[in-house]
Amino acid sequence: MKKIIFLILLALSCFSAYALSGGKEKAMIEKNVYGKLQDGTEIYVYTLKNDKGAEAKIINYGATVVSLTAPDRNGKYSDIVLGWENLQGYVNGSTYFGAIVGRYGNRIAKGKFTLDGKTYQLSINDGQNTLHGGKIGFDKRVWKSEEVKSKLGSAVKFTYVSPDGEEGFPGTLTLSVTYTLMNNNELKLEYKATTDKPTILNPTHHSYFNLSGDFKKPILDHILQINADEFTPVDKGLIPTGVFEKVEGTPMDFRKPTAIGARINDNFEQLKIAGGYDHNFVLRNYNGKVREVADVYEPTTGRHMEVFTDQPGIQFYSGNFLNGTQIGKDGIAYPHRAGFCLETQHYPDSPNEPKWPSVVLKPGQTFHSTTIYKFSAK
Ligand code: BGC
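In this text, all values refer to a predicted model and were calculated from it rather than measured experimentally.

**Looking at the packing of aromatic side chains**
Centre distance and the angle of the planes are the two values used to describe a pair of aromatic rings.
Part 1: Tallying each qualifying case throughout the model produces 22 aromatic pairs.
Part 2: Taking the centre distance of 4.9 Å and the plane angle of 50° together, the rings of Trp84 and Phe97 count as tilted. Within this pair, whereas Trp84 is found in the loop between β5 (77–79) and α3 (87–92), its partner Phe97 is found in the loop between α3 and β6 (100–101), the two being separated by 13 residues in sequence.
Part 3: Summarising the aromatic geometry, the rings of Phe254 and Phe316 are spaced 5.7 Å apart at their centres and angled 80° between planes, so their arrangement reads as edge-to-face. Taken together, the residues Phe254 in the loop between β19 (245–246) and β20 (258–259) and Phe316 in strand β24 (residues 313–317) connect sequence positions 62 residues apart.
Part 4: Exposure remark for Phe316: the relative accessible area of 0% places this residue in the buried category.
Part 5: Pairwise contacts between aromatic rings join Trp84, Phe97, Tyr208, Phe215, Tyr317, Phe321 and Tyr334 into one cluster.

Here you go:
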């Protein structure tokens, strides 16, 4: 009898603990103070966990993913994104580790464009051009943050209101990005934006992946596949020349899975200009729907990442500007090409290429976009 009463009490207490925690989803997000900016503003880190044991840590400075774990073929979860050791690193750094980049990700020639007959001059921060939103892009802003209830996993939403004229961009732009760590090991990013005046917009996510989990090792052995028959060749300032070039017969051909390092040092002008891969690929089947666009496999651990997006392009950047001077997490000096980025986006300099898909957002319209990074092992 005593035993039965004990079991009933145990069942009741388990149930109430579950009910009090609001069910599984709620228990899987934690919010903690990550650090303080010089003016005293507290920055928070959200730890998202899923049923399988994956974990993403995201801060509301730059809506930045500071760590993300994925399983190897033995089920071992390791961090697979480069990052700085603390908030100060993100404040001082210029690598865009893990950040949301905006208002316009990638480059705009001479920081100039014309919209509805008016020419705008943006702030210049990359040679003669504007890169990733100008001197103080969205990666260096404090975003509002809130936990979101989702049956798909644990989710957090970040919102940034970019004032009219910030970095030279017209219109007050409100951008939100919701990150969901899904129970099937997908990290899903949903972007939503509105504006009060016509403006241009091209947000992207800038994680540097190293699926080996060993950030002392370059990513040259990772096997990459990109669903693109063409890319946008660039000039010396990495501004597209305005034409699409076939990847066929060149080191830009990733239609079949190929090691990133297999041809990176080939005597091919585009690779010389960029010091490796730093190019936008024209993704197949652009029709506004989410489709699989790229795939990466790391042979020693078996980690596998698939990228899905509704965007027309993807910037494949092979971490060419990492050079051992960036001291990241655990005090590791990140060597040349310690990480790669696959940034889903519109083609660079689109505001100056009228034939390319438009990046204009007008009042009354809502910009929606989805990108998914899906992790597994084989
Ligand atoms: C660009 C690189 C740039 C890097 C900055 C990438 O998105 O394509 O050219 O150096 O961001 O970290």
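**What to know about the sheet that holds β20**
Part 1: Reading across the sheet, the nine strands line up as β11-β12-β13-β14-β27-β23-β22-β17-β20 and stay open at both edges, with antiparallel pairing between neighbours. Single-partner strands in this sheet number two, and they are β11 (144–148) and β20.
Part 2: The pairing of strand β23 (residues 303–309) with strand β27 (residues 367–377) spans seven bridges and is antiparallel. Within the sheet, the bridge partner assigned to Phe308 lies in β27 and is Ile372.

**Remarks on the confidence of the model for the chain**
Part 1: Across the chain, the average pLDDT comes to 94, with 93% of residues at or above 70.
Part 2: This stretch, residues 4–27, has a pLDDT under 50; its non-local contacts, to residues over four places away or in other chains, come to ten contacts.

**Let's talk about the nonpolar core**
Part 1: Counting 58 residues, the largest nonpolar core has Leu68, Tyr179, Phe209, Phe281, Met305, Phe316 and Leu342 as its most contacted members.
Part 2: Looking at this core, the element that brings in the most residues is strand β13 (residues 173–182), giving five residues.
Part 3: Setting aside anything within four residues of it in sequence, one finds Leu342 in contact with His205, Leu224, Ala294, Val296, Met305, Val307, Ile314, Gln315, Phe316 and Tyr373.
Part 4: Core analysis: the second largest hydrophobic core is formed by 19 residues, Trp84, Leu87, Tyr90 and Phe215 among them.

Rules and cut-offs
Residues numbered from 1 in each chain as written. Predicted model: local features only at pLDDT ≥ 70, side-chain atom pairs only at ≥ 80, totals over all residues. Heavy atoms only, no water. Phe/Tyr/Trp six-rings, centres within 6.5 Å; stacked < 30°, edge-to-face > 60°. Helix = DSSP H or I, 4+ residues; strand = E, 2+ residues; numbered from the N terminus. Buried < 20%, exposed > 50% of the residue type's maximum accessible area, 1.4 Å probe, protein only. Pairing = 2+ DSSP bridges. pLDDT = per-residue confidence, 0-100. Contact = heavy atoms within 4.5 Å. Core = buried A, V, L, I, M, F, W, Y, C linked by side-chain atoms within 4.5 Å.

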